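# A look at the structure
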Amino acid sequence: MITKEQIVDIYKAAHIALDISQAEELARKFDALIEFNRVLMEVDTQDLEPMERNTENRMVLREDVPVEGLDRDVVLERAAKREYGYFKLQKVLD
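Summarised in this report is the structure supplied together with it. (Residues numbered from 1 in each chain as written. Predicted model: local features only at pLDDT ≥ 70, side-chain atom pairs only at ≥ 80, totals over all residues. Heavy atoms only, no water.)

### Considering the pattern of salt bridges
We count it as follows: What makes a salt bridge here is a side-chain nitrogen of Lys or Arg within 4 Å of a carboxyl oxygen of Asp or Glu, nothing more. In this description a helix means any DSSP run of H or I spanning at least four residues, a strand means any run of E spanning at least two, and both kinds are numbered starting from the N terminus. Relative accessibility thresholds used throughout: buried, under 20% of the residue-type maximum; exposed, over 50%; partly exposed, between the two (1.4 Å probe, protein chains only).
Applying the stated criterion across every chain yields a total of 5 salt bridges. Between Glu24 and Lys4 there is a salt bridge, with the nearest N and O atoms lying 4.0 Å from each other. Of this pair, Glu24 sits in helix 2 (residues 23-42) while Lys4 sits in helix 1 (residues 4-13), and the two are 20 residues apart along the sequence. Owing to a relative accessible area of 33%, Lys4 belongs among the partly exposed residues under this scheme.

See the structure below:
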């Protein structure tokens, strides 16, 4: 079972704000997802034929049309942190 503390750790690692009062409910939802996945893994698919991908459906893409971008100075003025003319972000990996 996933604990409330594990939920807090997951949200911290993902840099997602979490209302601590929701942690227990989220733990229950995570457990339900894990249980559902466990049940799926137990399904015997040995005698099933692999499904083919439907190639009749084609993705219709729009034409790529360049548009005017945002003014760099205006965007950087609104940045929480900036350095040397760039956005300064928190270190993600050690």
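### Examining the packing of helix 1 against helix 2
We count it as follows: The axes used here are C-alpha line fits, helices contributing only the stretch in contact, and every angle between their N-to-C directions lies in the interval 0 to 180 degrees. Convention used here: angles under 35 degrees read as roughly parallel, angles over 145 as roughly antiparallel, angles from 65 to 115 as roughly perpendicular, and any remaining angle as oblique. Any two residues whose heavy atoms approach within 4.5 Å at even a single point are treated as in contact.
One way to put it is that helix 1 packs onto helix 2 with a least axis distance of 8 Å and a crossing angle of 90 degrees. Accordingly, the angle class assigned to the pair helix 1 and helix 2 is roughly perpendicular. Counting all contacts with helix 1, which are made through Lys4, Ile7 and Tyr11, the residues of helix 2 involved are Ala23, Glu24, Leu26, Ala27 and Phe30.

### What about the nonpolar core?
As a reminder, the rule being used: Take the buried residues of types Ala, Val, Leu, Ile, Met, Phe, Trp, Tyr and Cys, join any two whose side-chain atoms come within 4.5 Å, and each joined set is a nonpolar core.
Grouped together as the largest cluster of nonpolar side chains are 6 residues: Ile2, Ile7, Tyr11, Ala23, Leu26 and Ala27. Tallying contributions element by element places helix 2 first for this core, with 3 residues. Sequence-distant contacts of Ala27, that is, excluding residues within four places in its chain, are made with Ile2, Thr3 and Ile7.

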